[in-house]
Amino acid sequence: YKGTVGSPEIQTFIGALDHAKADKGFFVTTGMFSFEAEKMAVQHPIQLINKVELSELIMEALKK
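Below or above, wherever it landed, is the structure these notes cover.

Rules used in this analysis
Residues numbered from 1 in each chain as written. Predicted model: local features only at pLDDT ≥ 70, side-chain atom pairs only at ≥ 80, totals over all residues. Heavy atoms only, no water. Patch = residues over 30% accessible without salt bridge, like charges linked within 9 Å, V, L, I, M, F, W, Y side chains within 5 Å. Areas by Shrake-Rupley, 256 points an atom, 1.4 Å probe, with all protein chains shown as cover. Salt bridge = Lys/Arg side-chain N within 4 Å of Asp/Glu carboxyl O. Helix = DSSP H or I, 4+ residues; strand = E, 2+ residues; numbered from the N terminus. Phe/Tyr/Trp six-rings, centres within 6.5 Å; stacked < 30°, edge-to-face > 60°. Buried < 20%, exposed > 50% of the residue type's maximum accessible area, 1.4 Å probe, protein only.

### A word on a nonpolar patch on the surface
A contiguous nonpolar surface patch, about 320 Å² in accessible area, is contributed by Ile58, Met59 and Leu62. Relative to the elements of secondary structure, isoleucine 58 occurs in helix H3 (residues 51-63).

### Topic: the packing of aromatic side chains
This structure, assessed with the given rule, holds two aromatic pairs. Where phenylalanine 13 meets phenylalanine 27, the ring centres are 5.1 Å apart and the plane angle is 80°; that geometry is what we call edge-to-face. With phenylalanine 13 in helix H1 (residues 7-20) and phenylalanine 27 in strand S2 (residues 25-28), the pair connects residues that are 14 residues apart, well separated along the chain. Take phenylalanine 13 and phenylalanine 27: they sit in the same class, and that class is buried. Seen from their ring centres, phenylalanine 27 and phenylalanine 33 are 5.8 Å apart, and the 75° between their planes marks the pair as edge-to-face. Taken together, the ring pairs connect Phe13, Phe27 and Phe33 into an aromatic cluster.

This is the structure:
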């Protein structure tokens, strides 16, 4: 996702995780997450990765 990810997108993701019977999900965006989205994700097995964290992960991977 690009821009700010809100709680509706997280709700949809929760439904997809449930349908797939997944134990955990990673939601990655080149933007940011709203407070409501972060609050909702904490209540479920979802790891949010925003543009800052994604950039750090890429830089770390390039060092290896």
